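# A closer look at the structure
Listed here are the chains, written in short residue letters.
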Amino acid sequence: FDLPNTMPNLMLFWAPLGACSVIAFLAITGNLSRKQAMLAIIGLVSAGIYVALFTNREQYQTLMLFHLPLLAWIGAGLSVLGLRSDPQNRFAFLIKSIEVFITGGVYLIAGGVFAGITFGMFGTLGIVIPDRIMRLFLAGGGGLIPVLAVATVYDPRFSPIEQKFEQGLGKVIFTLMRLLLPLALLVLIVYLFVIPFNFMEPFWHREVLIVYNVMLFAVMGLLIGATPVHADDLSPKQQSALRVGILAVATLTALVSVYALSAIVYRTVRDGITVNRLTVVGWNGINISLLALLIYKQFKAGPAAWLRALQSVFSIGTVGYIVWAVFLTVAIPLLFH
């Protein structure tokens, strides 16, 4: 059974299915509350059923390609953290999530290579593997890879803040993110310099706005990944340099994002509201607000409490992401018929 535009169901619903597998794994092997796990699984299944009711709407279907994975991540996070988690545990969960995603990507590449070689070997003998078998193979890998990634980097016996971060792949990720920080700063400086020479591009071309939105989410991920979980993970000099770098990147990103948001608002006023414009305006508004709050809290907290202030901003951001993702999933089919 295929969705409109020949999109397989697995492409749309793989994330909730994978998240349910991860939640079940954490409940069986760790200290995760069975009640919390069951509620999270019921919530994800309900979200999947709700989305399936409106898959005949092409724009909504495309939107859910990106938002169902976000809802799946939210469901897994709520099952681990509960509804009343503290900012430190939320931030630790964010960091571990990045590590899980990258680990899952490595497993996905390895699985893709293995599948390609396997199907190719059978193909050389003239054996055609039935589509049903191939789909089962892909579905099994889609459910197994998230569990393998979580089992590799996350100890289910401990809370997120009690996990190990500055070793193995986690250390590589932290180092990479901090190395990318000055490069991102350089790119932003150059980009701000050339904007006046191409000022109207995002106002007229939709593709430019898409690039801006991808950039904004990438920078938010970079800022989270570059932030240490514990203050003693870095020396005082390293903390000072990292704080300055994060503050500079956040400030320049906020300027570019406000410029992009003005272009979206202009297009909305000129041509009317659409599903995509509502989505983009909401996400941009949330991310710009977080960047502004980050800058404000850094100047208010000062060097002494910079890390706790930074983590609190990202913790607040998780709430905004949850609210907007749920709103889009539920409200879009009702607002746009």
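What counts, and at which threshold
- Residues numbered from 1 in each chain as written.
- Predicted model: local features only at pLDDT ≥ 70, side-chain atom pairs only at ≥ 80, totals over all residues.
- Heavy atoms only, no water.
- Helix = DSSP H or I, 4+ residues; strand = E, 2+ residues; numbered from the N terminus.
- Rg over C-alpha atoms; globule rule 2.2 N^0.38 Å.
- Core = buried A, V, L, I, M, F, W, Y, C linked by side-chain atoms within 4.5 Å.
- Buried < 20%, exposed > 50% of the residue type's maximum accessible area, 1.4 Å probe, protein only.
- Expected span 1.5 Å × (residues − 1).
- Arc of directions from axis to C-beta.
- Contact = heavy atoms within 4.5 Å.
- Patch = residues over 30% accessible without salt bridge, like charges linked within 9 Å, V, L, I, M, F, W, Y side chains within 5 Å.
- Areas by Shrake-Rupley, 256 points an atom, 1.4 Å probe, with all protein chains shown as cover.
- Salt bridge = Lys/Arg side-chain N within 4 Å of Asp/Glu carboxyl O.
- Polar contact = N/O pair within 3.5 Å; in protein donor to acceptor, adjacent residues only side chain to side chain.
- pLDDT = per-residue confidence, 0-100.

## Looking at the overall build of the protein
Secondary structure assignment for the protein yields 11 helices and 2 strands. The secondary structure elements of the protein, listed N-terminal to C-terminal, are β-β-α-α-α-α-α-α-α-α-α-α-α. Rg of the C-alpha trace for the protein: 21 Å, near the compact-globule value of 20 Å for 337 residues, within the 12% margin. Expressed as lengths along the three principal axes of its C-alpha atoms, the size of the protein is roughly 60 × 50 × 45 Å.

## Observations concerning the nonpolar core
Core analysis: the biggest nonpolar cluster contains 69 residues, and Leu223, Ile246, Trp283, Leu294 and Phe314 have the highest contact counts within it. Examining the composition of this core, we find that 12 residues originate from one element, helix H9 (residues 236-271), more than from any other. Grouped together as the second largest cluster of nonpolar side chains are 19 residues, Ala19, Ala27, Leu32 and Ala37 included.

## Here's the deal with helix H2 (residues 34-52)
Its 19 residues place the ends of H2 27 Å apart at the C-alpha level, agreeing with the 27 Å of an ideal helix rising 1.5 Å per residue. Those residues of H2 not exposed but buried are Ala37, Ala40, Leu44, Ala47, Gly48 and Val51. Along H2, the residues classed as buried sweep out an arc of 100° about the axis, all on the same side. Along H2, exposed side chains directed more than 90 degrees from the buried face belong to Arg34, Lys35 and Leu39. Residues of H2 that are buried in the fold lie against helix H1 (9-29), helix H3 (58-81) and helix H11 (306-335).

## Remarks on a nonpolar patch on the surface
There is a patch of nonpolar side chains on the surface, built from Ile102, Val106, Leu169 and Val172 and spanning about 300 Å² of accessible area. Elements that contribute at least two residues to the nonpolar patch include exactly helix H4 (87-124) and helix H6 (168-194).

## Thoughts on the side chain of Ser85
By the secondary structure assignment, Ser85 is in the loop between H3 and H4. Here Arg90 takes part through its side chain, which lies 3.0 Å from a polar atom of the side chain of Ser85.

## Comments concerning the confidence of the model for the protein
Of the residues in the protein, 96% have a pLDDT of 70 or more, and the chain-wide mean is 87. When mean pLDDT is compared element by element in the protein, H11 scores highest at 93, while strand S1 (residues 2-3) scores lowest at 45.

## Observations regarding helix H8 (residues 206-226)
Along its 21 residues, H8 runs 31 Å from first to last C-alpha, staying within 8% of the 30 Å computed at 1.5 Å per residue. Considered for burial, the residues of H8 that qualify are Leu209, Tyr212, Asn213, Leu216, Val219, Met220, Leu222, Leu223, Ile224, Gly225 and Ala226.

## A short note on the pattern of salt bridges
By the definition in use, this model includes 4 salt bridges. For Glu99, the salt bridge identified is with Lys96, shortest N-O distance 3.0 Å. With Glu99 and Lys96 both in helix H4, this residue pair falls 3 residues apart, about one helical turn. In this pair, the class of Glu99 matches that of Lys96, namely buried.

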